Amino acid sequence: MSEKFIFITGGVLSSLGKGLTSASIAKLLEGKGLKVAILKLDPYLNVDPGTMNPYEHGEVYVTDDGAETDLDLGHYYRYTNSPLGRTSNATSGQIYDTVIKRERKGDYLGKTVQVIPHVTDEIKSRIRKLTQSKIKPDVIMVEIGGTVGDIESQPFLEAIRQFRLEQPQNCLNIHLTYVPYLPSCGEVKTKPTQHSIQTMRGIGIIPDMIVCRCEQALDKDVINKISLFCSVKSEWVFELPDVDNVYQVPLVLKEQNLDDSISEFLSLNKKASNISAWEKMLAKQNNAKKTVTIGVVGKYLDHKDAYKSVLEALLHGAIENDSKLKLEFLEADKIKSIKDLKKCDGYLIPGGFGNRGYSGKVLATKYARENNIPCFGICLGMQVIVVEFARNILGFENAHTTEVDLSTDHPVISLLAEQNHTEDMGGTMRLGAYECKLKTDSKAHKAYSKKKISERHRHRYEFNSTYTKEFEDNGLVISGKDSKSDLCEIVEVKDHPWMVGVQFHPEFQSKPTEPHPLFTAFINASLKHAQKGKK
Ligand code: GLN
C-alpha cells in the first residue's frame with residue numbers, strides 16, 4: 001500500500017488550535033492501528049525558532065536529536081506516538097537556505113532559480129522524506145502553519161496543490177476554519193469560512209473536509225449552509241466547539257466519526273478507533289478530588305505558551321496524583337522580598353536565559369528551602385538552586401552564574417570552557433538527548449525507578465565541578481551525572497522533603513497518559529506538604 005497524505009490548513013484566524021486538531025486526528029488514526037508520521041511546515045524565515053524570543057513564538061520544543069522546533073511538536077508528542085526529530089519541522093528559512101546553498105554549489109545547471117519549481121520541489125521532498133521514517137508510516141500528516149492568504153505560506157500551499165496533482169488518490173485536505181457567533185445579531189456567521197475556502201480554491205486546492213472552530217455546537221442548518229457554499233458534503237463538515245479541557249478534542253472529533261470519514265476517503269482500514277487509555281486518563285482527571293497549588297516563578301508569564309510543556313507536565317503529574325492543578329504565576333521580576341511570594345504547596349523554577357528576574361528566583365528558592373516546601377528547578381531553575389545554596393549554605397556571598405556576573409568570586413555555574421580554562425568553543429548550546437546515570441536511593445532514583453535515563457537538553461552553562469566537594473560536604477547531593485562526561489545533571493538538597501534541580505528539560509517527555517516521573521514525584525511531595533499544613 002502506498003502512503004496516504006493528510007494536509008491540514010487553517011483559515012480566517014491564527015490560534016484556532018490547528019496543532020491540537022492535527023495531534024487529535026493523528027491520535028484517532030493511531031487508535032485504528034495506523035502508523036502516523038507528522039510534519040509541521042512553518043512559513044516564517046527563521047531557520048528554526050531557537051533564535052526567537054519566547055514572547056514572539058512561545059516555547060522552543062527540543063527533540064532527542066537536538067532540533068529546536070515549533071511548540072506544536074509538543075502537542076504531537078503528548079497526543080501521539082509519532083517519532084519526532086529534525087525532519088518533523090521545516091521552516092521557510094530552512095527551505096530557502098537549502099535552495100540557496102544548492103544554487104551556490106551550482107546544482108541547478110545555469111537555470112533561473114524560482115519559487116516554482118525549486119522551492120516547491122524542496123518542500124515536496126521534505127514531505128516525501130517522512131515516508132522513510134523508521135516506523136514505516138501508513139499516513140503522513142502535514143500541518144501548514146499560518147493562515148491561508150498569508151503571503152509567506154503560498155509556496156507551501158502551492159507544493160501541496162502539486163502533490164495532489166501527482167497522486168490524487170492518496171491525498172486529503174482538511175481545512176480548519178472559524179465560525180464566529182455574533183452577539184449583536186444573535187447568529188453564527190459562515191461568511192469568513194466561505195471566503196477562506198474561496199481563497200483556497202483560488203490557489204487551486206479544494207478542501208475535502210472542513211473542521212469548524214466555534215464557541216458552541218452548530219445547528220444543522222449552519223453545517224448545511226457551509227456544505228452548500230463550500231462544496232463539501234455535510235457529513236464532512238465537522239464542528240469543534242470550545243472545550244474546557246483540550247484533551248477532550250480527540251473525543252469530540254471521534255463522536256462525529258471524523259476518523260471513519262478519513263478512512264473512507266483514503267481507503268484506510270475500517271477498524272473503530274480505540275483510545276481507551278486516553279479516555280481512562282480523562283475520567284481520572286474528572287474524578288480528581290484534591291487540589292494542588294503550584295507557584296511557577298518565571299518571566300514570560302504573560303505569554304503562557306512560553307512554558308507550554310512545563311505547564312502540561314505539571315498537569316500530568318496532578319492527574320496521576322488524582323488532583324486538580326491550580327497554578328499561581330509569580331512574576332520573578334516583582335519578587336523583591338519573601339512578602340511578595342504567594343503561598344503555594346510547591347514552587348517550580350522553569351528554564352530561562354539572562355539576568356532579568358534572577359534575584360526573584362533565588363529568593364523564591366531560598367524561601368522554599370528554608371521552609372521545607374517542595375521545589376523543582378528546571379535548567380536555569382537548577383542553576384538557581386545551586387547559586388542559592390552556595391550563597392546561603394556555603395557562605396559564598398556573591399556566588400553566581402557567569403551568564404549573569406562574569407566577575408563573581410565564585411562562578412558556581414559557568415561555561416565548560418571557563419571551567420577548563422580553554423578557548424570558547426563557539427558558545428553553542430548543548431542540545432538534545434543525553435544519557436544520565438542516577439545515584440542509588442536518591443530522590444531522582446526513587447522517582448524514575450531506574451539507574452539510567454535519557455533526557456533532553458537546551459543550555460550553555462553547567463554546574464562548576466571544581467566546587468563539587470564543598471557542595472557535597474554541605475548537603476547538596478549530585479544525584480545524576482552525564483554517563484559519558486560526568487557533567488552534573490541533577491542536584492538535590494539532602495535534608496529537605498523534595499528540592500530537586502535538573503539541568504535537562506523533563507517536560508518534553510511527559511504525556512497525559514505517561515506522566516513524567518519527576519513531575520509526578522514533585523506534585524506528590526507538594527500534596528504531602530499541603531496536607532501537613534492542614535494538620
Ligand atoms: N541560560 C541557561 C543556560 O544557558 C539555562 C538555559 C535554560 O534554562 N534552557 O545554561
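The rules behind each value
- Residues numbered from 1 in each chain as written.
- Predicted model: local features only at pLDDT ≥ 70, side-chain atom pairs only at ≥ 80, totals over all residues.
- Heavy atoms only, no water.
- Helix = DSSP H or I, 4+ residues; strand = E, 2+ residues; numbered from the N terminus.
- Rg over C-alpha atoms; globule rule 2.2 N^0.38 Å.
- Buried < 20%, exposed > 50% of the residue type's maximum accessible area, 1.4 Å probe, protein only.
- Areas by Shrake-Rupley, 256 points an atom, 1.4 Å probe, with all protein chains shown as cover.
- Lys, Arg positive; Asp, Glu negative; His and termini not counted.
- Charge placed at Lys NZ, Arg CZ, Asp CG, Glu CD.
- Near = heavy atom within 4 Å.
- Polar contact = N/O pair within 3.5 Å; in protein donor to acceptor, adjacent residues only side chain to side chain.
- Nonpolar A, V, L, I, M, F, W, Y, C, P; charged D, E, K, R; others polar.
- Pairing = 2+ DSSP bridges.
- Axes fitted to C-alpha atoms, helices over the stretch in contact; angles between N-to-C directions.
- Contact = heavy atoms within 4.5 Å.
- Expected span 1.5 Å × (residues − 1).
- Right-handed = clockwise from strand over helix to strand, strands pointing away.
- Core = buried A, V, L, I, M, F, W, Y, C linked by side-chain atoms within 4.5 Å.
- Salt bridge = Lys/Arg side-chain N within 4 Å of Asp/Glu carboxyl O.
- Parallel < 35°, antiparallel > 145°, perpendicular 65-115°, else oblique.

Student: Looking at this structure, I do not really get the overall build of the protein. What am I missing?
Tutor: Assigned secondary structure in the protein consists of 18 helices and 23 strands. Its C-alpha atoms give the protein a radius of gyration of 25 Å, within 12% of the compact-globule value 24 Å for 535 residues. Considered along the principal axes of its C-alpha atoms, the protein spans approximately 75 × 65 × 45 Å. Expressed as a percentage of the 535 residues in the protein, the buried residues total 57%. Split by element, the accessible area of the protein, about 23,000 Å² in all, is 49% carbon and sulfur. The protein carries 70 positive and 69 negative side-chain charges, and their two centres are separated by 4 Å.

Student: What am I meant to see in helix α3 (residues 72–79) here?
Tutor: Side chains of residues three or four places apart in an α-helix project in the same direction, reflecting 3.6 residues per turn. Taking burial as the measure, the 8 residues of α3 include 8 buried ones, the bulk of the element. Taken together, the buried positions of α3 are occupied by Asp-72, Leu-73, Gly-74, His-75, Tyr-76, Tyr-77, Arg-78 and Tyr-79.

Student: Mind showing me how you'd approach the site of the ligand here?
Tutor: Residues in close proximity to the ligand include Gly-351, Gly-352, Phe-353, Cys-379, Leu-380, Gln-383, Glu-403, Arg-458, His-459, Arg-460, Tyr-461 and His-505, which together make up its full environment. Within the side chain of Glu-403, one N or O atom sits 2.8 Å away from a nitrogen atom of the ligand. Between His-505 and the ligand, the recorded distance is 3.3 Å, taken from a side-chain N or O atom to a nitrogen atom. Burial of the ligand by the surrounding chains reaches 99%, relative to a free accessible area of 300 Å². Listed by contribution, the elements that provide at least two residues to the shell around the ligand are α14 (380–392) and β19 (452–459). Its residues assigned to classes, the shell around the ligand shows 4 nonpolar, 5 polar and 3 charged.

Student: Mind showing me how you'd approach the sheet that holds strand β7 (residues 171–178) here?
Tutor: Strand pairing in a sheet relies on backbone hydrogen bonds. The paired strands run either parallel or antiparallel. One open sheet holds the 7 strands; their spatial order is β5-β2-β6-β1-β7-β10-β11, and the pairing between them is parallel. Two strands in the sheet have a free side with no partner beyond their single neighbour: β5 (89–91) and β11 (237–241). Neighbouring strand axes in the sheet, compared pairwise and without regard to direction, differ in orientation by 20 degrees on average. Relative to β11, strand β10 (residues 209–214) is paired through 5 bridges, and the arrangement is parallel. Residue pairing in the sheet places Val-211 in a bridge with Phe-238 of β11. On top of the sheet, helix α4 (residues 92–105) reaches β2 (36–42) and β5; it is set at about 70 degrees to β5, its chief contact.

Student: Honestly, α14 in this entry has me stumped. Any pointers?
Tutor: For α14, spanning 13 residues, the distance from its first C-alpha to its last is 18 Å, which sits close to the expected 18 Å at 1.5 Å a residue. The element α14 is extensively covered by neighbouring structure, given that 11 of its 13 residues are classed as buried. Among the residues of α14, those classed as buried are Leu-380, Gly-381, Met-382, Gln-383, Val-384, Ile-385, Val-386, Val-387, Glu-388, Phe-389 and Ala-390.

Student: Explanation requested: the pairing of β10 in the structure shown.
Tutor: Each regular strand shows side chains that alternate between the opposite faces of the sheet. Counting buried positions over the 6 residues of β10 gives 6, a clear majority of the element. Neither face of β10 is open: one carries Met-209, Val-211 and Arg-213, the other Ile-210, Cys-212 and Cys-214, and all of them are buried. Bridging between β7 and β10 involves 5 bridges; their strand directions are parallel. If you follow Ile-174 over to β10, its bridge partner there is Met-209. In this region the chain leaves β10, passes through helix α8 (residues 220–230) and returns to the parallel neighbour β11; the handedness of that crossover is right-handed.

Student: Can you help me understand the nonpolar core in this one?
Tutor: The nonpolar side chains of a soluble globular protein tend to be buried, and buried together. With 56 residues, the main nonpolar core has Ile-6, Ile-25 and Ile-262 as its most contacted residues. The biggest single contributor to this core is helix α1 (residues 18–31), with 6 residues. Residues in contact with Ile-6, not counting those within four places in the same chain, are Leu-29, Val-139, Ile-140, Met-141, Val-142, Leu-172, Ile-174, Ile-262 and Leu-266. Of all hydrophobic cores here, the second largest spans 39 residues; its members include Leu-341, Met-382, Ala-399 and Leu-476.

Student: Hey, could you run me through the pattern of salt bridges in this one?
Tutor: Side-chain pairs of opposite charge can arise whenever the charged atoms involved come near each other. Counting across every chain of the model gives 33 salt bridges. Of the charged contacts, one joins Lys-40 and Asp-72 as a salt bridge, the two residues approaching to 2.9 Å between their closest N and O atoms. Here Lys-40 is found in strand β2, whereas its partner Asp-72 is found in helix α3, with 32 residues between them in sequence. Taken individually, Lys-40 and Asp-72 each receive the classification buried, so the pair is uniform in this respect. Arg-456 is paired through a salt bridge with Asp-64; the nearest N and O atoms lie 2.9 Å apart. Taken together, the residues Arg-456 in strand β19 and Asp-64 in the loop between β3 (61–62) and β4 (68–69) connect sequence positions 392 residues apart.

Student: Sorry if this is basic, but what is going on with the environment of Phe-329 here?
Tutor: By the secondary structure assignment, Phe-329 is in strand β13 (residues 323–331). Discounting residues that sit within four places of it in the chain, Phe-329 has contacts with Val-296, Leu-301, Lys-304 and Leu-311.

Student: Help me out: how do you make sense of the packing of helix α11 (residues 276–286) against helix α12 (residues 308–320) in this one?
Tutor: Describing two packed helices takes the angle between their axes plus the distance from one axis to the other. Remark: α11 packs on α12, axes separated minimally by 9 Å, with the N-to-C direction vectors making an angle of 80 degrees. On the basis of their axis angle, the class for α11 and α12 is roughly perpendicular. Between α11 and α12, the contacting residues are Met-281, Lys-284 and Gln-285 on the first element and Leu-315, Ile-319 and Glu-320 on the second. For the contact of α11 with α12, the per-class residue count stands at 3 nonpolar, 1 polar and 2 charged.

Student: What should I look at first to understand the environment of Lys-366 in this one?
Tutor: By the element assignment, Lys-366 lies in helix α13 (residues 358–370). The exposure class of Lys-366 is partly exposed, given its relative accessible area of 26%. Put simply, Lys-366 and Arg-391 are 25 residues apart on the chain and 9.9 Å apart in space, counted from C-alpha to C-alpha. For Lys-366, the contacting residues outside a window of four places in its chain are Glu-388 and Asn-392.

Student: How should the sheet that holds strand β14 (residues 346–349) be read in this particular structure?
Tutor: The sheet built from 9 strands is open, its strands ordered β13-β12-β14-β15-β23-β22-β21-β18-β19 with mixed pairing. Two strands bound the open sheet, and with one partner strand each, they are β13 and β19. When strand polarity is set aside, the average angle formed by the axes of neighbouring strands in this sheet is 25 degrees. The pairing of strand β12 (residues 290–298) with β14 spans 3 bridges and is classified as parallel. Note that in β14 the partner of Val-296 across the bridge is Leu-348. Helix α18 (residues 517–534) contacts β12, β13, β14, β15 (375–378) and β23 (499–502) of the sheet and is inclined by roughly 115 degrees relative to β12.

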